Structures are given as structure tokens and as C-alpha cells.
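# Observations on chain architecture
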Amino acid sequence: MRRILICFCFFFAFVSYGQDATSETSYKKRVLESSEIDFLFGYYTQDGNNAAVSGGIGTEELTDVAPTIIVTVPLNDDDILTVDASVSAYSSASSSNVGPFDGAAPADPFVASSGASSSDELSTAVISYAHSSDSRNDIWSAKLSLAVEYDYFSVGFGGSYTKLFNEKNTEISITGNVFLDKWNSIYPTELRTFAPGGIGLDNILFTQNTITGNAAYNPMFTPFENENRNSYAVGFGFSQILSKKLQGSLALDLITQDGLLSTPFQRVYFSDVADSFIDNFHLADAVEQLPDARFKVALGGRLNYYLNETFVLRTYYRYYFDDWGIQSHTASIEIPIKISDKFTLYPTYRFYNQTQADYFAPYNAHLSTADFFTSDFDLSKYFANQYGFGVTYTDIFTNFRIWKVGLKSVDLRLQQYERNTGLKATNIAIGFSFIAD
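It should be emphasised that the depicted structure is a prediction, and the values quoted were computed from it without experimental measurement. (Residues numbered from 1 in each chain as written. Predicted model: local features only at pLDDT ≥ 70, side-chain atom pairs only at ≥ 80, totals over all residues. Heavy atoms only, no water.)

### Focus on the overall build of the protein chain
Check the secondary structure of the protein chain and you find four helices and 23 strands. Its C-alpha atoms put the protein chain at 85 × 40 × 40 Å along the principal axes. Within the span of the protein chain, comprising 437 residues, buried residues form 43% of the whole. Accessible surface computed for the protein chain: about 21,800 Å², of which carbon and sulfur atoms make up 60%. (Helix = DSSP H or I, 4+ residues; strand = E, 2+ residues; numbered from the N terminus. Buried < 20%, exposed > 50% of the residue type's maximum accessible area, 1.4 Å probe, protein only. Areas by Shrake-Rupley, 256 points an atom, 1.4 Å probe, with all protein chains shown as cover.)

Shown next as C-alpha cells:
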């Protein structure tokens, strides 16, 4: 959820394409006239009481800071190279409770631990290349991506092809992406000693602390053998200018995943197993177990209407389903308001709801006889509202300059997200776009 929300708000860039060349010898407008540099900074914070790390209860408090730089360079008239690099640094009360017994205070799912898992950094880099034909009716692209976190590594590659025709009033596209991920599994502290060959209750955690409730603590735990996860995605797009004021588009995305789709450090508790505690912390009965395959389908559409010189109406709807039993609906509306040649306001609203995954149950409600189980509320039934507001300053003549770099635009966005489960999040993003001579 966090990455999903941070990526949606922080990573935005715009690419414009030139017009048709009338002949081989006529003037051909460059796809991108000058190099562009985008500096983005995002701040995200959330809180709630359904942490998956502690089995569906406990603090979900998290803070994330994500600076990003995007450099787009025209290699010639037809080709563009883009480099996108970012660092997402977070501190999380929820993930700190992977090791809740590390701190001096009594362990408690609603209180952050001071352990090493309380903070981490996700570093990402994406290199992409795009080529446009002389007519600007055919656009090819390819990209390579890397992502590194303490317990996670990912490499991805993909490409796309876009075709414009009907005097550029119609556009079709196809995209494909592959992500090859590798976990370095981190498990809840109390379970590690119960792995095959471990010493169980003879571990120092149990000899120096008193187990209350069921003193004969004996969890169901075997480390994951396969720590790889592969994702394959293909997308189809269709866009049509319907009139001078109306434009519509459709998109279909198909995603299949295989490998380790469970999160190794997310606890699960069974209703048919006696509870064991150290301090105020319920010792895990097991870790999340989910199928090693998942197929996702998303079908969406956009409809944009130009009302007048001041107002534009942008609408979006998406239907999603997968073979884990989740179905969801997303609807959003944005109304850009151009208050002057330089300033545009962006009020937005987004609604989302989903059904529950087949394998979800809340805290202490699963049965130990089940094959699959999770108490991650991202897979529960819920609905959410997101309210947003933004303002963009555009300097089309780049009058403000630093050496050979001119300011193109400044974009500020604020979003407030609320689930009916109690999770609340605030996202603030600011971006500066420059043009280099």
C-alpha cells in the first residue's frame, strides 16, 4: 500500500511529441527541444490500528520521505533518454515490531520498538529510451529498472509500442514489463528459534522472559524455501479524440505473478491455538501463507471534457479482479481550474472499494487447519476516500534562470486518504521542472 501510494503521488513527468514531417527534406520538429530536469520531493505519513506485522492489530504508524530526480535528454531529433533515480527513506512503528522485544520498554503491538527494523531505505533507478518515427506516428520505448531494500532486491525490464493514426486523433499502444524480485526473508523474532534445527524455548528470549497464557508455546513455522517472486505484465491502450472538447481512452492490464507472494514478517494468529504472550505482545502462531501464484486483471477508462478556458473535467473508472477473490472499483474526478496564464488549481476526489480476499481473516480468527491465511488488511474488505488539491505554476518563457537552466514549472500536491478500517494517510509532493539550454 505504502509504495503504491508513494509511487502514485511522487512520480509524474510529461513528454510531448512533434508533428508530422511532410517530406524527407522538410523541417522535422524535434521530439524534445531541450534537456529537462525534474526535482521531486514527497512526504508521506500514515496511522491506523491494523498492522499486518502484528497479525491485524497494532500501530500502523509510518513516515516516509522520498526525494527523486528525473533527467530527460534528447539524443537527437527522434530519440530520448530518461534517467529516474529516487531514495525512499521511512521509519515505521509497525515494521519495528518484527522484533518487538528489542527495546527497553515492555513489548506492545501498539507501541513502536527500537529495533533495527524500525527504519529502512528503498533505492530505485529507472533508465528508459524512446524512439519516434519521422512521421511521429510510431513510438518505441524500452526501460530497465533496479530497486534495492534491506530485505528485497528487484530488477525489471520492459518496453512499449504506440501507434497514432487518423491524423493523430486515434492512438493505440501495447506495453510489457517483467520484474524479477528476490527476498532476503526476515521473520518475527520469536519464530526464528523454531526453524528446523533451532533450540525452541531454550532460546534466550524465552529463558529471560516469562511466557504468560500458554507457557508451552509451539508455533507452526518453517522458513520459505523459495524466496523469488516474478511478475509479468502486459497492457493495452486505446485513446480517441471524440470532438474538439471530448477525449476518451480505455486500458486493459493483465498481470501474472509467481513465487513468494507472502510477506515473511507478517504474523498470523489461530483461534484454535491457545494464546502465548511476552509482556503485552501476542507471540505469533505462524507467518502469512499465501498461494505462490496470482493472476490480476484491470480494465479502466478515462473521459476528459474541455468545458471552457477555465475548467476541464477529467474522470476515471477502473474495475479490477484477481483469482484470490478480490474485486474492486475505483472512480476519480479532477477539475483543473486555470486561474491565470501561469497558475492552475487541481481539486481531486477518488473513491475505492474492494471485496475481501479468500484467505483473509482478522486478528486471531484463522484456523490452524487452513492451507492459506493472512491478516493483512490490504486484503480485507474496505472502502476508501481520497481528497486532493494541487496547484501548478507554469513559466512558459522560463524567465527564472539558474545559470543555463530555466524554471519550467512548479507543482504542489496534497492528498488525504481515509479507509473505513481507520487507516489515515497524508501525502505531500512538490516538483520543480527545469529546462536546460
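### A short note on the pattern of salt bridges
Tallied over the full model, the rule gives 13 salt bridges. Among the ionic pairs, Glu 36 bridges to Lys 408, the shortest N-O distance being 3.2 Å. With a gap of 372 residues between them, Glu 36 in strand β1 (residues 35-47) and Lys 408 in strand β22 (residues 405-419) connect regions that are remote in the sequence. On the basis of relative accessible area, Lys 408 is assigned to the partly exposed category, the value being 27%. A salt bridge links Lys 182 to Glu 227; the shortest N-O distance between them is 3.9 Å. Of the two residues, Lys 182 is situated in strand β7 (residues 170-183) and Glu 227 in the loop between β8 (211-213) and β9 (228-241); the sequence distance between them amounts to 45 residues. Classification of Glu 227 by relative accessible area gives buried; the value is 18%. (Salt bridge = Lys/Arg side-chain N within 4 Å of Asp/Glu carboxyl O.)

### Here's the deal with the confidence of the model for the protein chain
On average, residues of the protein chain score 91 in pLDDT, and 93% of them are at 70 or above. Every residue in residues 1-25 is under pLDDT 50, and counting partners more than four places away or in other chains gives 60 contacts. (pLDDT = per-residue confidence, 0-100. Contact = heavy atoms within 4.5 Å.)

### Notes on unusual backbone geometry
One non-glycine residue, Glu 167, lies in positive phi territory at about 55°. Within the fold, Glu 167 resides in the loop between β6 (152-165) and β7. Taking relative accessible area as the criterion, Glu 167 reaches 76% and is therefore assigned exposed. Although it is not a glycine, Lys 168 adopts a positive phi angle of roughly 65°. Structurally, Lys 168 is set in the loop between β6 and β7. A residue is classified by how much of its surface remains accessible, and Lys 168, at 22% relative accessible area, is partly exposed.

### Let's talk about the packing of aromatic side chains
Taken as a whole and assessed by the stated rule, the structure comprises 19 aromatic pairs. Consider the rings of Phe 39 and Phe 434, whose centres lie 5.9 Å apart with planes at 75°: the pair is edge-to-face. Pair noted here: Phe 39 is in strand β1 and Phe 434 is in strand β23 (residues 424-436), with a separation of 395 residues, a long-range link. The class for Phe 39 is partly exposed, based on a relative accessible area of 38%. The exposure class assigned to Phe 434 is buried, which follows from its relative accessible area of 11%. Ring plane angle 85° and centroid distance 5.1 Å describe the contact between Phe 270 and Phe 373, whose orientation is recorded as edge-to-face. In this pair, Phe 270 is assigned in the loop between β11 (267-268) and β12 (276-278) and Phe 373 in the loop between β19 (343-354) and β20 (382-394), connecting sequence segments 103 residues apart. One exposure class covers both Phe 270 and Phe 373, and it is buried. Three or more aromatic residues link up through ring pairs in this structure, and these residues are Tyr 187, Phe 221 and Phe 224. (Phe/Tyr/Trp six-rings, centres within 6.5 Å; stacked < 30°, edge-to-face > 60°.)

### Notes on the sheet that holds β8
With respect to topology, three strands assemble into an open sheet ordered β8-β12-β13, the strand pairing being antiparallel. On the outer flanks of this sheet lie β8 and β13 (281-282), each paired with one strand and no other. Here three bridges tie β8 to β12, and the two strands are oriented antiparallel to one another. When the bridges of β12 are listed, Thr 212 appears paired with Phe 277. (Pairing = 2+ DSSP bridges.)

### Some points on the side chain of Asp 138
Assignment of secondary structure puts Asp 138 in strand β5 (residues 138-149). A distance of 2.4 Å separates the side chain of Asp 138 from the side chain of Tyr 161, its partner in a polar contact. Leave out the neighbours within four places in its chain, and Asp 138 touches His 131, Ser 132, Ser 133, Tyr 161, Thr 162 and Lys 163. (Polar contact = N/O pair within 3.5 Å; in protein donor to acceptor, adjacent residues only side chain to side chain.)

### Considerations on the pairing of β19
By the bridge criterion, seven bridges tie strand β17 (residues 327-334) to β19 in an arrangement that is antiparallel. What sits directly across from Ser 332, in β19, is Arg 350. For strand β18 (residues 337-338) and β19, the ladder comprises two bridges, and the chain directions are antiparallel. Within β19, the position partnered with Ile 337 by the bridge is Leu 345. Between β18 and β19, which pair antiparallel in sequence order, lie four residues. Sheet analysis places β19 next to β20, joined by 12 bridges and oriented antiparallel. By the bridge assignment, Asn 353 is partnered in β20 with Phe 383.

### Quick word on a nonpolar patch on the surface
The grouping of Phe 41, Tyr 43, Leu 412, Leu 414 and Ile 428 at the surface amounts to a nonpolar patch, some 410 Å² of accessible area in total. For the nonpolar patch, the elements supplying multiple residues, two or more each, are β1 and β22. Among the secondary structure elements, Ile 428 is positioned in strand β23. (Patch = residues over 30% accessible without salt bridge, like charges linked within 9 Å, V, L, I, M, F, W, Y side chains within 5 Å.)

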